[in-house]
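Observations on chain architecture
One letter stands for each residue in the lines below.
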Amino acid sequence: MIFNLALLALAYWLYTTLRAYLRERQFRAFARQHNCAKPYILVNKLPWGLDGLYRTMRAAQTGLEDIFDDVMLPRFRALGVRTFEATGPFGIRTITTMEPRIVQAALATQFKDFETGERRAAQFGAMLGRSIFTSDGAFWAHSRAVFRPAFAREQINDFEETDRAARILIDVLPKSEGQWTAPFDLQPYLYRFTMDTATAFLFGNNVESQLQAAGKLEGEKSDMAKLAVDREFTEAFHQGQMWLAFRIRMQGLYWLVDRPYYRKAVARVRGFVNRYVQMALDAPVEEKSTETNEDKAHKKYALLRELVKESRDPIYLRDQILALLGAGRDTTAALLSWVFYLLATHPTEYHKLRRIIISEFGPSITSEPLDFGRLKSCRQLQYVINETLRLYPVVPINNRVAVRNTTLPVGGGPDGTQPIAVRKGQTVTFIVYGMHRREDLWGENAGEFLPGRWEGLKRDWAFLPFSGGPRICLGQQYAITEASYLIVRLLQQFDDIEWCGAEKMKKGFTLTMFPGEGVNIRFRKAAY
């Protein structure tokens, strides 16, 4: 019996060894056929790159080192390359890059050679289930087709809820000590603003979290609003996203990051979305053909209501809506948080932007209505947003997995200009944060906040705040327009800003990057 088991084990070892040898031989022949050169090979001190993985996890958890400025970017500088290959957990080889031409190939020109992959689906799926962010192929394509109409210009240009949320935010800010407000953290107000606008867009029902947090809410919406700002729920939402972030950093060892309190947090968040899903399923469903244009014009848009016409599966609805809720709330709030951090630490830019806003939109929030076209055409406002996204992209790192043996246009050879071969199943990781700060692409002042650099500057693959190619973020204009609206309204209301936080900002990470120590400022109310 023991002999037979040993023989079986030996046969299996011989089979796997031979298969690996033949695959490697085939891959090398493929590389030679396409004139590929090897990228720089990073040799770690410990097997599977565990030393680098430990340092990355330690930096993220303790904040003693900046994961980008102290760990990743110095590594690139020390190696003197823009692209390198390293071995990760289970011997999986990963290509890491800050090269726009590689990013363009993986996301666009060679889109069919890459996917987000099964590992990301497993990492994200712990909270987001099967959704547009955790899928490839037909399911992803169908999801994108279903969601695309929701982000059409006519939906983005409906500012009723955005205007109301902006006015409420301004109303509940700390009261002035004379002209100046008391010092406060703006960031929680921004996250509640985006929670309210996102739930209005997704559910057709604003949860009024800003009013609830200020103790000013009365009426029938209070139960759901209490849940939305309840300390346990907001902590659960944060913990759930932290869990996903840890799973991503652990790469192939993501399954080790599992604790009962993470699962309890996810259950609480899913329960919140489930209540809205059930309400939508219980409501009478109108057939698409019975709705006239006049009916649609008078009905407040709700993405969930449209999804119910496509599917009655509560799990499908929950997963898709939860994915969009996280993106709609966190992406815009993180962007706004970085905008006001930078404006507060660069008051000259604040004053310049405010002068232009007053000139183009009037001095008061009651001056005149805003619309998509006017916000988009305010160049200085867009320069500030672009420069913020350049320095602090809300998704600072991304990746793709090769679905077949393929090539990338550069990254190989001594000078990194030759093509490289990529194995089927190999991960290509893009350090967007580093690419946005390359001095050879952006100048010697690449690390400085200079909105004026965007005057006459054409956007290309060196700037990637919302991904690119067929999977470019559907909600990018939604996020930028929501942020633009609130920036205009706040700068109309306040003529000065003062930074009250630490000299150096630590970064916080969930699925997005945000100011880790809040946005501690004070405003001076404008005298009209």
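Residues numbered from 1 in each chain as written. Predicted model: local features only at pLDDT ≥ 70, side-chain atom pairs only at ≥ 80, totals over all residues. Heavy atoms only, no water.

Stated formally: UniProt positions are given in the numbering used here, feature names are shortened, and annotations may be inferred rather than shown by experiment.
Looking at an unreviewed UniProt entry, one finds the protein chain named Cytochrome P450 and attributed to Trichodelitschia bisporula. Under the UniProt heading Cofactor (unreviewed entry), the entry covering the protein chain gives this text: "heme".

1. Observations concerning a nonpolar patch on the surface
For the record, the criterion: Grouping into patches uses exposed residues only, defined as over 30% relative accessible area, and leaves out salt-bridged ones; the cut-off is 9 Å for like charges and 5 Å for nonpolar side chains (Val, Leu, Ile, Met, Phe, Trp, Tyr). Each accessible area is a Shrake-Rupley result for a 1.4 Å probe, and residues are judged covered by the shown protein chains and nothing else. A side-chain nitrogen of Lys or Arg and a carboxyl oxygen of Asp or Glu constitute a salt bridge if their distance falls within 4 Å. Each helix is a run of DSSP H or I of at least 4 residues and each strand a run of E of at least 2, with the numbering of both proceeding from the N terminus. Whether a residue is buried, partly exposed or exposed follows from its accessible area with a 1.4 Å probe, protein chains only, as a fraction of its type maximum: under 20%, in between, or over 50%, in that order.
On the surface, L46, W48, L50, F90, I92, W255 and L256 cluster together to form a nonpolar patch covering roughly 660 Å² of accessible area. As for its placement among the helices and strands, I92 is situated in the loop between β2 (83–87) and β3 (93–97). Take I92: its relative accessible area is 32%, and that puts it in the partly exposed class.

2. Here's the deal with the domain arrangement of the protein chain
What counts, and what does not: Residue ranges for the domains trace back to a domain assignment, done automatically or taken from a database. Note on definitions: a residue-residue contact is assigned when non-hydrogen atoms from the two residues lie within 4.5 Å. Computed with a 1.4 Å rolling probe, the buried area is the accessible surface lost when two parts are put together, summed over both parts. Any pair of N or O atoms that falls within 3.5 Å is considered a polar contact. Within protein, one atom must be able to donate a hydrogen and the other to accept it, and sequence-neighbouring residues count only if both atoms are side-chain atoms.
One can read the domain layout of the protein chain as domain 1 (1–34) and domain 2 (35–284 + 298–525). If you average the C-alpha positions of domain 1 and of domain 2, the two centres end up 43 Å apart. Counting residues at the interface gives seven residues for domain 1, matched by ten residues for domain 2. Of the roughly 710 Å² buried at the junction of domain 1 and domain 2 (both faces included), carbon and sulfur atoms supply 56%. Looking only at domain 1, the three residues that lose the most surface to domain 2 are F27, F30 and H34, adding up to 68% of its buried area. Applying the counting criterion to the domain 1 and domain 2 interface returns one salt bridge. Across the pair R423 and E24 runs a salt bridge whose closest N-O atoms are separated by 2.9 Å. In this assembly, domain 1 and domain 2 are joined by five residue pairs in polar contact (both at pLDDT 80 or more).

3. Observations concerning the UniProt feature "binding site: heme" (unreviewed entry) in the protein chain
The sites that UniProt annotates as "binding site: heme" (unreviewed entry) are C473. Mapped onto the elements, C473 comes out in the loop between α21 (439–442) and α22 (476–493).

4. Overview of the environment of R355
Structurally, the position occupied by R355 is in helix α17 (residues 347–361). Judged by relative accessible area, which is 56%, R355 ranks as exposed. Along the backbone, R355 and Q110 are 245 residues apart, and their C-alpha atoms lie at a distance of 45 Å.

5. Re the nonpolar core
In plain terms, the rule: Definition used in this section: a nonpolar core is a set of buried Ala, Val, Leu, Ile, Met, Phe, Trp, Tyr and Cys residues joined via side-chain atoms within 4.5 Å.
The biggest cluster of nonpolar side chains holds 98 residues, and the ones touching the most others in it are L173, L186, F340, I487, I521 and F523. It is helix α16 (residues 314–345) that provides the largest number of residues to this core, a total of eleven residues. Setting aside chain neighbours within four positions, we find F523 in contact with L173, Q179, W180, T181, F184, L186, F340, Y350, F494, D496 and I497. M57, V207, Y301 and L303 belong to the second largest nonpolar core, which has 51 residues in total.

6. A closer look at the sheet that holds strand β1 (residues 40–41)
Note the cut-off: At least two DSSP bridges between two strands are required for those strands to pair. Only the stretch in contact is used when fitting a helix axis, every axis being a line fitted to C-alpha atoms; angles between N-to-C directions are given from 0 to 180 degrees.
The strand order across the open sheet formed by six strands is β1-β2-β3-β11-β8-β4, and the pairing between neighbours is mixed. Edge positions in the sheet fall to β1 and β4 (114–115), since each of these pairs with one other strand and no more. Sheet analysis places β1 next to β2, joined by two bridges and oriented parallel. Looking at β2, one finds that Y40 is bridged to F84. On top of the sheet, helix α3 (residues 67–79) reaches β1, β2, β3, β8 (397–402) and β11 (427–431); it is set at about 110° to β2, its chief contact.

7. Focus on the environment of I315
In this fold, I315 is placed in helix α16. Here the alpha-carbon distance between I315 and N274, two residues 41 residues apart in the chain, equals 8.5 Å.

8. Details of the packing of aromatic side chains
Each aromatic ring pair is characterised by the separation of its centres together with the angle its planes make. We count it as follows: Only the six-membered ring of Trp is used, alongside the rings of Phe and Tyr, when aromatic pairs are assigned; centres must lie within 6.5 Å, and planes under 30 degrees apart are stacked while those over 60 apart are edge-to-face, with the rest tilted. A ring is considered to have a charge above it if a Lys NZ or an Arg CZ atom is located within 6 Å of its centre and within 35 degrees of its normal.
Scanning all chains against the criterion turns up 25 aromatic pairs. Ring geometry for F272 and Y276: centres 5.6 Å apart, planes at 75°, overall edge-to-face. In this pair, F272 and Y276 both sit in helix α13 (residues 260–282), four residues apart, roughly one turn of the helix. Y276 gets classed as buried once you look at its relative accessible area, which sits at 3%. A ring pair is formed by F340 and F523, whose centres lie 6.2 Å apart and whose planes are at 90°; its orientation type is edge-to-face. Here F340 is found in helix α16, whereas its partner F523 is found in strand β15 (residues 520–525), with 183 residues between them in sequence. Feature note: the residues F184, Y189, F340, F494 and F523 constitute an aromatic cluster, connected by ring pairs. The ring of F139 carries R130 above its face, with NZ or CZ at 4.0 Å from the centroid. Against the face of Y392 rests R437, its NZ or CZ located 5.2 Å from the ring centre.

9. A word on the pairing of β11
The buried fraction of β11 amounts to five of the five residues, a majority that puts the element mostly inside the structure. Burial of the side chains of β11 extends over both faces: T427, T429 and I431 are buried on one face and V428 and F430 on the other. Of the strand pairs in this sheet, β3 and β11 are connected by four bridges, and their pairing is parallel. Bridged to I95 within β11 is V428.

10. Comments concerning the pattern of salt bridges
Applying the stated rule across the entire model yields 24 salt bridges. The salt bridge involving K309 is made with E306; its shortest N-O contact spans 3.5 Å. With K309 and E306 both in helix α15 (residues 303–310), this residue pair falls three residues apart, about one helical turn. Since its relative accessible area comes to 28%, E306 is described here as partly exposed. The residue D319 makes a salt bridge to R318 at a minimum N-O spacing of 2.9 Å. The pair formed by D319 and R318 is uniform in burial state, with each residue classed as buried.

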